[in-house]
Amino acid sequence: MKKTLEYLKEKKKNNQKIKVLTSYDYPITKILEEADIDMIILGDSVGTNVLGYQNETEVTLDDMIHHTKAVCRAKKDIFLVVDLPYKTYETPEEAVKNAKKLIELGADAVKFESIRKDVLVSLKENKIKVMCHIGLNPQHDQARMMQGKIAKGKLFSEAIELLNGAISLDKAGADLIILEKIPGKISKIITENVSMPTIGIGAGKYCDGQVLIIYDLLGINERKYKHSPTYINIRELMIKTIRQYQNEIDNDIFPNEKQTNIIDDVEYNKIRDWCLKNNINV
Ligand code: KIV
């Protein structure tokens, strides 16, 4: 079943949770399709999770284009949101030009960080579906993050700014919004006062949906985060499996007869005789 924006909005209306994960490539997208997830976010978290970058500000539009193509080769029914990376929406015109490139490749919507009504309105005027992203904004909050100040909205002034921001983005036509690292009680107020679905990450259970970084969920990342339980430790499983593979090579267990191509005896004898005649060891 196609997961359209209308389908996601209907879920909010019916108090049904929206389930979201990140994906950056073809095989994971195929798996998420099979697992029937509602939405994929191809976030700029691709930078630290896949590309080995220091932080989100290093991610380029070309990186996002490359990964959008890979995800779209597997995408069928899931709603796909792709991030506009750092400094690609400095002006509304730039935002529209860059968003169109991602939409043309198959993204259903684009996402940008911070409370920028001018950017939102231009995207909407160009019939582009938009997910906003407030709370912790990694593209703009690196200095804060270095000081370990991850949560946003714990103080009155910050919480009011987030609440007013969410309401004004909702009124200006935002289709969806990420609430990142916002206290659960503040996310609840926001969720109850906007018509667009809210998707939380480290923002408590009252959001309309939840998103996690797929590599955190699967335990591929070494780092553990407060907001993200590890459902399975794939990293450990992978290391164990790779060790077993090496061990089997050392002990002549792999490859075995079944995994080896067989040559017919008659043909082999001809080759052996030829080798002997030509002084080739056999
Ligand atoms: O970059 C990202 O993966 C995000 C998450 C909050 C979904 O923005």
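Right, let's walk through the structure included here. Predicted model, so just to flag it, every value in this text is computed and none were measured.

1. Points about the overall build of the protein
Alright, step 1. Scanning the protein from terminus to terminus reveals 12 helices and 8 strands.
Alright, step 2. Relative to the globule expectation of 19 Å for 282 residues, the C-alpha radius of gyration of the protein, 25 Å, shows a markedly less compact shape.
Alright, step 3. The principal-axis extents of the C-alpha atoms in the protein amount to approximately 90 × 40 × 35 Å.
Alright, step 4. Within the protein, the fraction of its 282 residues that count as buried is 46%.
Alright, step 5. Intrachain contacts of the protein at a sequence separation of at least 6 include 57% that bridge at least 24 residues.
Alright, step 6. A total of about 16,000 Å² of accessible surface is found on the protein, and carbon and sulfur atoms cover 53% of it.
Alright, step 7. A gap of 6 Å separates the mean positions of the 42 positive and 41 negative side-chain charges of the protein.

2. Topic: the nonpolar core
Alright, step 1. Judged by nonpolar contacts, the single largest core of 55 residues is most densely connected at Leu102, Phe112, Leu123, Ile134, Ile190 and Ile214.
Alright, step 2. Discounting chain neighbours no more than four positions away, the residues touching Phe112 are Leu84, Tyr89, Val119, Leu120, Leu123, Val130, Met131, Cys132 and His133.
Alright, step 3. Residues Tyr7, Leu8, Val20 and Ile178 belong to the second largest nonpolar core, which totals 16 residues.

3. A short note on the site of the ligand
Alright, step 1. Every residue lining the ligand is accounted for by Thr22, Ile41, Gly43, Asp44, Ser45, Asp83, Lys111, His133, Glu180, Ile201, Val211 and Ile213.
Alright, step 2. Here an oxygen atom of the ligand and a side-chain polar atom of Asp83 are 3.4 Å apart.
Alright, step 3. One of the side-chain nitrogen or oxygen atoms of Lys111 is found 2.7 Å away from an oxygen atom of the ligand.
Alright, step 4. In isolation the ligand has 260 Å² of accessible area, and contact with the protein removes 95% of it.
Alright, step 5. A class-by-class count of the residues in the shell around the ligand yields 4 nonpolar, 4 polar and 4 charged.

4. Section: a nonpolar patch on the surface
Alright, step 1. On the surface, Ile263, Tyr268, Ile271, Leu276 and Val282 cluster together into a nonpolar patch covering about 460 Å² of accessible area.
Alright, step 2. Relative to the helices and strands, Val282 is located in the segment after helix H12 (265-277).

5. So, the side chain of Asn98
Alright, step 1. The residue Asn98 is located in helix H5 (residues 92-105) in this model.
Alright, step 2. On the accessibility criterion, Asn98 (5% relative accessible area) is buried.
Alright, step 3. For Asn98, the contacting residues outside a window of four places in its chain are Leu61, Leu84 and Thr88.

6. Some details on the pairing of strand E7 (residues 198-201)
Alright, step 1. Here E7 shows no split at all, with Thr198 and Gly200 on one side and Ile199 and Ile201 on the other all buried.
Alright, step 2. Bridge count between strand E6 (residues 176-180) and E7: 4 bridges; the pairing is parallel. If you follow Glu180 over to E7, its bridge partner there is Ile201.
Alright, step 3. What joins E6 to E7 is helix H9 (residues 184-193), and the crossover it makes is right-handed.

7. A closer look at unusual backbone geometry
Alright, step 1. Phe254 connects to Pro255 through a cis peptide bond whose omega is -5°.
Alright, step 2. Within the secondary structure layout, Pro255 lies in the loop between helix H11 (234-250) and H12.
Alright, step 3. At Asp36, a position not held by glycine, the phi torsion is positive, near 65°.
Alright, step 4. One can find Asp36 in the loop between helix H2 (26-34) and strand E2 (39-42).
Alright, step 5. With phi around 55°, Lys181 is a residue other than glycine that occupies positive phi space.
Alright, step 6. Along the chain, Lys181 turns up in the loop between E6 and H9.

8. A word on the pairing of E6
Alright, step 1. Most of E6 is tucked away, with 5 of its 5 residues classed as buried.
Alright, step 2. Of the two faces of E6, both are covered, the one formed by Leu176, Ile178 and Glu180 as well as the one formed by Ile177 and Leu179.
Alright, step 3. Note: strand E5 (residues 130-135) against E6, 5 bridges, orientation parallel. Within E6, the position partnered with Met131 by the bridge is Leu176.

Definitions and limits used
- Residues numbered from 1 in each chain as written.
- Predicted model: local features only at pLDDT ≥ 70, side-chain atom pairs only at ≥ 80, totals over all residues.
- Heavy atoms only, no water.
- Helix = DSSP H or I, 4+ residues; strand = E, 2+ residues; numbered from the N terminus.
- Rg over C-alpha atoms; globule rule 2.2 N^0.38 Å.
- Buried < 20%, exposed > 50% of the residue type's maximum accessible area, 1.4 Å probe, protein only.
- Contact = heavy atoms within 4.5 Å.
- Areas by Shrake-Rupley, 256 points an atom, 1.4 Å probe, with all protein chains shown as cover.
- Lys, Arg positive; Asp, Glu negative; His and termini not counted.
- Charge placed at Lys NZ, Arg CZ, Asp CG, Glu CD.
- Core = buried A, V, L, I, M, F, W, Y, C linked by side-chain atoms within 4.5 Å.
- Near = heavy atom within 4 Å.
- Polar contact = N/O pair within 3.5 Å; in protein donor to acceptor, adjacent residues only side chain to side chain.
- Nonpolar A, V, L, I, M, F, W, Y, C, P; charged D, E, K, R; others polar.
- Patch = residues over 30% accessible without salt bridge, like charges linked within 9 Å, V, L, I, M, F, W, Y side chains within 5 Å.
- Salt bridge = Lys/Arg side-chain N within 4 Å of Asp/Glu carboxyl O.
- Pairing = 2+ DSSP bridges.
- Right-handed = clockwise from strand over helix to strand, strands pointing away.

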